[in-house]
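The primary structure of each chain is shown beneath.
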Amino acid sequence: MKRAFGPALKILALRMPALAIPVLAIPTLLFSGTMRAADAPVVVTSIKPIHSLVSAIMQGVGEPELIVDGAASPHTYNLKPSNARALQDAKVIFWVGPGLEAFLEKPLQALGRDASIAALDDAPGLVKLPFREGGAFEPHDDGDEHDSASAAPEHEHDHAEADHDHDTFDTHLWLDPMNAKAMAAMITTTLVAADPANALTYQGNAKALDDKLDALDTEIKGMVTPVKDKPFIVFHDAYQYFEHRYGIRVAGSITVSPETIPGAERVSEIHRKVGELGATCVFAEPQFEPRLVNVVIEGTRAKSGVLDPEAATLKAGPDLYFNLMRGIANSMKDCLSSA
């Protein structure tokens, strides 16, 4: 019977329509694809720099979703219906915290109740710097020694490790690779707890990311050291962590808050500041009004450049964080070295 059964199958196969065999295989393919997708937890991230760190750690498992995409800014973002659905379906949600993404605070309470929510501004080991008063950084003028030129780049800030209210520290925490390492450690711990089946992959990726961040830190130090003593003005005070890490001289900002367009008096004040300090560059940002920078530098020797602290112009993904940090360093080096 076995010998007769084999030829009979061959004859049956020859008589079947050509499309029959692939059609029979489709349910199996669909099922296996569904199983692969189900292996990865649904992970949602708030902004591009955080999405990049999470993406690097999740490589080989899945890809996180991103809320503030494109050139949007977390300072002015309005939640979309698709974002609300993502939050509702999420198993894990990563954000910096209410000090940066205020638009997420209430939606997370309402939609993220079934998810593990990690506010990365609570990551152990983070250096947190207090907000500076005034866009022209007035403490520099009254003898305060805690300024950008004299700040220790190696994070010798005892006060930074203390607990802070969300309204008292600068939330652009990711602009220091050492803070990115602290965030990555919390991301890894959160993912392992939510998805222990993929723990080894997360931990291996985290180790590789940690090494890359150390290398990036060394690279950026070499890039900005030749120009670190040249003062410059930024659009808003988003660069304090970069400044403290690498000892560069940010002399002030055009606006204290990116949500508020500065008035004529404020612009005139910064214009005077550029002249007084001999600031060599004034940097705009992609999301905000660049014409203000032209007004500020008019009649001075200062040049203009662009800095992108929230990666508005960069493609999301695991390499974005590195492109973001190198982009800031390159923009500073190019503008300041030619001024």
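Located above this text is the structure these notes cover.
Residues numbered from 1 in each chain as written. Predicted model: local features only at pLDDT ≥ 70, side-chain atom pairs only at ≥ 80, totals over all residues. Heavy atoms only, no water.

**Here's the deal with the overall build of the protein**
Next, step 1: Helices and strands together make up the secondary structure of the protein, namely 11 helices and 8 strands.
Next, step 2: Here the protein holds 339 residues, and the buried ones make up 49% of them.
Next, step 3: Restricting the contact set of the protein to residue pairs at least 6 apart, pairs at least 24 apart contribute 69%.
Next, step 4: Summed over its atoms, the accessible surface of the protein is roughly 16,600 Å², and 56% of this surface lies on carbon and sulfur atoms. (Helix = DSSP H or I, 4+ residues; strand = E, 2+ residues; numbered from the N terminus. Buried < 20%, exposed > 50% of the residue type's maximum accessible area, 1.4 Å probe, protein only. Contact = heavy atoms within 4.5 Å. Areas by Shrake-Rupley, 256 points an atom, 1.4 Å probe, with all protein chains shown as cover.)

**Here's the deal with the nonpolar core**
Next, step 1: Counting 79 residues, the largest nonpolar core has Phe94, Leu175, Phe232, Phe242, Tyr321 and Met332 as its most contacted members.
Next, step 2: It is helix H11 (residues 320–338) that provides the largest number of residues to this core, a total of 10 residues.
Next, step 3: Residue contacts for Phe232: discarding those within four places in its chain leaves Ile248, Arg249, Val250, Ala251, Gly252, Ala279, Cys281, Phe283, Met332 and Leu336.
Next, step 4: Among the nonpolar cores identified, the runner-up in size contains 16 residues, and Ile254, Ala279, Phe288 and Val296 belong to it. (Core = buried A, V, L, I, M, F, W, Y, C linked by side-chain atoms within 4.5 Å.)

**Topic: the environment of Arg113**
Next, step 1: Structurally, Arg113 can be placed in the loop between helix H5 (105–111) and strand S4 (116–119).
Next, step 2: Considered as a pair, Arg113 and Leu87 are 26 residues apart in the sequence and their alpha carbons are 9.2 Å apart.
Next, step 3: Of note is the side chain of Arg113, whose polar atom sits 3.2 Å from the backbone oxygen of Ala110. (Polar contact = N/O pair within 3.5 Å; in protein donor to acceptor, adjacent residues only side chain to side chain.)

**Structural notes on the packing of aromatic side chains**
Next, step 1: Taken as a whole, this structure holds 4 aromatic pairs when the rule is applied.
Next, step 2: Centroid distance Tyr321 to Phe322: 5.9 Å. Interplanar angle 90 degrees. Geometry classified as edge-to-face. Per residue, the accessibility class of Tyr321 equals that of Phe322, and both read buried.
Next, step 3: Over the ring of Phe169 we find Lys128; its NZ or CZ atom is 4.7 Å from the centre of that ring.
Next, step 4: Taking the ring centre of Phe322 as reference, the NZ or CZ of Lys212 above it sits at 4.5 Å. (Phe/Tyr/Trp six-rings, centres within 6.5 Å; stacked < 30°, edge-to-face > 60°. Lys NZ or Arg CZ within 6 Å of the ring centre and 35° of its normal.)

**Some details on the pairing of S4**
Next, step 1: Note that strand S3 (residues 92–95) and S4 share 4 bridges and pair parallel. From the neighbouring strand, Phe94 faces S4, where its bridge partner is Ala118.
Next, step 2: Crossover handedness for the path S3 to H5 to S4: right-handed. (Pairing = 2+ DSSP bridges. Right-handed = clockwise from strand over helix to strand, strands pointing away.)

**Structural notes on the state of the cysteines**
Next, step 1: Applying the stated rule across the entire model yields 1 disulfide.
Next, step 2: Across the disulfide from Cys281 sits Cys335; the S-S distance is 2.0 Å. Judged by the sign of its S-S torsion, about -110 degrees, the bond between Cys281 and Cys335 is left-handed. A residue pair is termed long-range when its members are at least 10 positions apart, and Cys281 in strand S7 (residues 281–284) and Cys335 in helix H11 qualify at 54 residues. (Disulfide = S-S within 2.5 Å.)

**Quick look at helix H6 (residues 177–194)**
Next, step 1: Over its 18 residues, H6 runs 25 Å from end to end, which matches the ideal 26 Å to within 8%, given 1.5 Å per residue.
Next, step 2: In terms of burial, H6 is a largely internal element, 14 of the 18 residues being buried.
Next, step 3: Capping the start of H6 is the job of one residue whose side-chain oxygen sits 2.8 Å from the backbone nitrogen of Met178: Asp176. (Expected span 1.5 Å × (residues − 1).)

**Considering the sheet that holds S3**
Next, step 1: As summarised here, the arrangement of the 4 strands in space is S2-S1-S3-S4, forming an open sheet in which the pairing is parallel. The open sheet terminates on both sides in strands that have one partner only, identified here as strand S2 (65–66) and S4.
Next, step 2: Bridge analysis of strand S1 (residues 43–45) against S2 gives 2 bridges, and the strand direction is parallel. Bridged to Val44 within S2 is Glu65.
Next, step 3: In the packing of helix H3 (residues 48–58) onto the sheet, the strands contacted are S1, S2 and S3, and the crossing angle to S1 comes to about 150 degrees. (Axes fitted to C-alpha atoms, helices over the stretch in contact; angles between N-to-C directions.)

**A word on the sheet that holds S7**
Next, step 1: Strand order in the open sheet made by the 4 strands is S6-S5-S7-S8, with parallel pairing throughout. In this open sheet, the two edge strands, each paired with only one partner strand, are strand S6 (250–255) and strand S8 (303–306). Direction aside, the axes of adjacent strands within the sheet are offset by 30 degrees on average.
Next, step 2: For strand S5 (residues 232–236) and S7, the ladder comprises 3 bridges, and the chain directions are parallel. Within the sheet, the bridge partner assigned to Ile233 lies in S7 and is Val282.
Next, step 3: This element, helix H9 (residues 264–277), spans S5, S6 and S7 of the sheet and lies at about 160 degrees to S6.

**So, the pattern of salt bridges**
Next, step 1: A full pass over the atoms with the stated rule returns 6 salt bridges.
Next, step 2: Close ionic contact of Asp210 with Lys181 constitutes a salt bridge, the shortest N to O distance being 3.6 Å. With a gap of 29 residues between them, Asp210 in helix H7 (residues 199–224) and Lys181 in helix H6 connect regions that are remote in the sequence.
Next, step 3: With relative accessibility at 18%, the residue Lys181 sits in the buried group.
Next, step 4: Salt bridges here are not isolated pairs; linked through shared partners, they connect Lys181, Asp210 and Asp214. (Salt bridge = Lys/Arg side-chain N within 4 Å of Asp/Glu carboxyl O.)

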